[in-house]
Every structure is written in C-alpha cells, then in structure tokens.
Amino acid sequence: VISYPSTMSTGRLIVVSGASRGVGVGICRQTLKLDAKADVVVTARNLDRAKEIRDELAKALPSVQHVTHSADQHHQRVHAYQCDVTDEVSCSSLVDMLVENGLLPPLSHSIIDSKKDDKDAPAPRQQQIRPLSLVNNAGIALDVPWIPAPWSSSFAYDTLNVNLYGAERLTRAFLPHLLNSTDGRVIFVSSGAGRTNMKRMEEGPRNKLLSEDLTWDDIQTMADTFQKEYETAAGEEVRKTGLEQGDKPQQQLPFLSPSSGLWLQSYGFSKACLGAYCQILARKYPPLFSIACSPGFIQTDMTRQYGKFDELKSVEEGGEVEAWLATTDDRGTLQSGVFYQPNQIVVSWVNE
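Residues numbered from 1 in each chain as written. Predicted model: local features only at pLDDT ≥ 70, side-chain atom pairs only at ≥ 80, totals over all residues. Heavy atoms only, no water.

Draft legend 1. Inspection of the pairing of strand β8 (residues 289–293) at higher detail. Extensive coverage of β8 is indicated by the burial of five of its five residues. Residues Phe289, Ile291 and Cys293 line one face of β8 and the alternating positions Ser290 and Ala292 line the opposite face, and both faces are buried. Alignment of strand β7 (residues 184–189) against β8, held across five bridges, turns out to be parallel. The partner of Phe188 across the bridge, within β8, is Ala292. (Buried < 20%, exposed > 50% of the residue type's maximum accessible area, 1.4 Å probe, protein only. Helix = DSSP H or I, 4+ residues; strand = E, 2+ residues; numbered from the N terminus. Pairing = 2+ DSSP bridges.)

Draft legend 2. Seen up close, the pattern of salt bridges. This structure, assessed with the given rule, holds 11 salt bridges. A salt bridge links Asp55 to Arg54, with the shortest nitrogen-to-oxygen separation between them at 3.0 Å. Residue classification places Arg54 among the buried positions, given a relative accessible area of 9%. Residue Glu168 is joined to Arg172 by a salt bridge in which the shortest nitrogen-to-oxygen separation is 2.8 Å. One end of the pair is Glu168 and the other is Arg172, both in helix α6 (residues 165–180) and four residues apart, which spans about a single turn. Residue Glu168 is classed as buried on the basis of its relative accessible area of 9%. (Salt bridge = Lys/Arg side-chain N within 4 Å of Asp/Glu carboxyl O.)

Draft legend 3. Highlighting the sheet that holds strand β2 (residues 39–44). Overall, mixed pairing links the eight strands, which are arranged β5-β2-β1-β6-β7-β8-β9-β10 in an open sheet. In the strand order of this sheet, the two ends are held by β5 (78–82) and β10 (346–347), each with one partner. The strands touched by helix α2 (residues 47–60) are β2 and β5; relative to β5, the strand with the most contacts, the crossing angle is about 170 degrees. (Contact = heavy atoms within 4.5 Å. Axes fitted to C-alpha atoms, helices over the stretch in contact; angles between N-to-C directions.)

Draft legend 4. View of the nonpolar core. Of all hydrophobic cores here, the largest spans 66 residues; its most connected members are Val15, Leu98, Phe174, Phe188, Ile219, Tyr230 and Phe269. Those elements that place two or more of their residues in this core are β1 (13–16), α4 (88–100), β6 (132–136), α5 (155–163), α6, β7, α9 (216–240) and α10 (266–284). When residues of this core are assigned to their parent elements, the largest contribution, 10 residues, is made by α10. In contact with Phe188, other than residues within four places in its own chain, are Asn136, Ala167, Thr171, Leu274, Tyr277, Cys278, Leu281, Ser290, Ile291, Ala292 and Cys293. One finds Val42, Val78, Val321 and Leu334 within the second-largest nonpolar core, a separate group that totals 32 residues. (Core = buried A, V, L, I, M, F, W, Y, C linked by side-chain atoms within 4.5 Å.)

Draft legend 5. Seen up close, the side chain of Arg195. By the element assignment, Arg195 lies in helix α7 (residues 192–200). Buried charge without a partner: Arg195 forms no salt bridge, and the closest opposite charge is Glu352, 5.5 Å away. Separated by 2.7 Å, the side chain of Arg195 and the backbone oxygen of Ser348 make a polar contact. Those residues in contact with Arg195 that lie beyond four places of it in its chain are Phe339, Gln341, Val347, Ser348, Trp349, Val350, Asn351 and Glu352. (Lys, Arg positive; Asp, Glu negative; His and termini not counted. Polar contact = N/O pair within 3.5 Å; in protein donor to acceptor, adjacent residues only side chain to side chain.)

Draft legend 6. Examining the packing of aromatic side chains more closely. Under the defined criterion, the tally for this structure stands at seven aromatic pairs. For the pair Tyr165 and Trp216, a centre-to-centre distance of 5.9 Å together with 85 degrees between the ring planes defines the contact as edge-to-face. Here the residue Tyr165 occupies a position in helix α6, and Trp216 occupies one in helix α9, the gap between them amounting to 51 residues. The same class applies to Tyr165 as to Trp216, namely buried. Three or more aromatic residues link up through ring pairs in this structure, and these residues are Tyr165, Phe188, Trp216 and Tyr277. The ring of Phe339 has Arg195 lying over it, and the distance from NZ or CZ to the ring centre is 5.7 Å. (Phe/Tyr/Trp six-rings, centres within 6.5 Å; stacked < 30°, edge-to-face > 60°. Lys NZ or Arg CZ within 6 Å of the ring centre and 35° of its normal.)

Structure follows, in structure tokens:
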C-alpha cells in the first residue's frame, strides 16, 4: 500500500510532480494551508523520499485537519506515490494507482481516445466527480547563467525530456480525469526564463509559438531542431576546451542560431515551449483551466550556485502562486492559457 488508507473524498485532489524537494515541497505545504479539504499527492522518482515529505507535511497539519472520520475510517490528506515524468509507463501507472486506491474515481468510458481525430468531441461528463488539479512542477536547470561553461551536449535532451516532454506525458495521462472533473486544472510551473527566451529568439519562431494554429507536433519539430543545433554547438565548445589558451569556438552558448532563429539555451527554451503547450490545451479544451506561472527566484538546488543565493525567496514563498491557482474557489478570477507572475498578475508570454 503506497498511500494511507482513504475513502473517496469530495474535496479537491491536487497532484504535484517533483514534490520531494524545493518548490514542490512549498507547493504541497501551501496547498494544504489554503484548502483544508484537499487531498495532496506528493510524487517523486524516489518513493522513499516522497514518503518522507508526506510524513513531514502530515505532521505539520493542525490536529483538527490531520485526520477526519468518514464511515469509521481515517482519511489522510497527504499521499506519496512514485512517478518519473521521463517514463511514459510511470506516468500512466500513477493514474492507475490513484484510481485503484480510491483517490480518483474510475472512468466508465474514456473522455479522450488518443486514436480519435482532434475534431471528435469529448464524451459526456460523468457527474459528481471530485475537483482535480495537476501541478507540473518537476523540472531541471542545467544551463542557467551561473553554471560554468562548457555546457554538455546532453543538456538539451535532458532538459527537454523533463521540462517539456515530461509535463506533456503526465498531463496526457491525467487528461481524461481532468476533463471528467467538476473543476479540472493543469498548472505548469514555468519561469521568467521562458519569457526571456521568447524575446531573444527571432520573430519567426516566436510568432510560431504564439500562433493559435500551433500544434503539439509543431512544438516537437521545433524542439528537435533546437536539440540538434544545441548539440552541435555544445560539441564544438567541448572540442575547443583544453586547446591553446584563448582558443574558443566561433560562438559560445547561449547564442542566437543563424539558421533557425532560436535562442540556444535549453532551460529557457523548454519553458517557452511549455507555455505554448499550455495555450494549446486552453484552446482545445475550454472547460479545462490550463495555466502557466512563475514561482519567482527561489532558494533551491537549481539556484544554489547563484551568487546571491541568500537573497532569494524561500520554497514556501515559491509555492504560493501555484497553490492559489490549484485551490482557489473563485473560478471567475482565473484565466486559462495565460502566464501568472508570483504576485498573481497575468503578463504576456514575451518578456517586454
């Protein structure tokens, strides 16, 4: 048994990826604080670590919230599950286990049939299905400015596999339940680096990512081009390293690709594409709230080498906007397909 015993709740279920450290822990903590009826699912690649965070969060709950009674059974609000967003099977297995353990109601029929054409309408909604929020928080940052060069040619693949494709895998696995929910929300934890990357790329690819006709296939095609160019550039940097003093490659990452017009920095590009995917979902599924947000500049393992680390915000502060987006009862205040700053203000997808 992976989670504590549970009876089906009518409160919101909030699933957080990458929740065993950093901002993920802050999101879980703030969510439990904002919604006293919510169930929070802590997911991580390492199940033991997820369990440690689960127990830590549960112990911190006020006694009146820690355990409630329903049908003479204890209902625990915090749950731990294993999930590796780079693994398709792991993502689908998470959904199956949540259904099996009574946290998600089973679907009598699929809302989404991956073999159907995009023009097919969703199947009728089941009634009385609990609200569901998926917070795509899992992410890595390998080529940020405070990481010394040369950057590895593997950084592009590794970053995109987690930050972009990982979020898409997990969202796709949960999508039938999100659409079947009385209030489905998917929140993508992004970064101002994505908006900056959008600004630095040329107008052609930028307009492509902002186009209402953009498809997921288009994003994948652009990401493939980015990865190939990045790997070529990074390989050139590595070859030049260790040669004559002062001998440098013709162009050092990050730089603007003269052929594709993409700004070759993996972390920012992955978040730019993530924002485009967020908009695709918002257009395709109007009942679903699809939202991107920035937690701000936070003290995490990603920023530990940053020169002014001590001046950054805490992980609790970093979890505030995501928790608000995941839990607020005032749906009228939310917009779908947009980017929220930490102060809950909507800004453009391109850094001005």
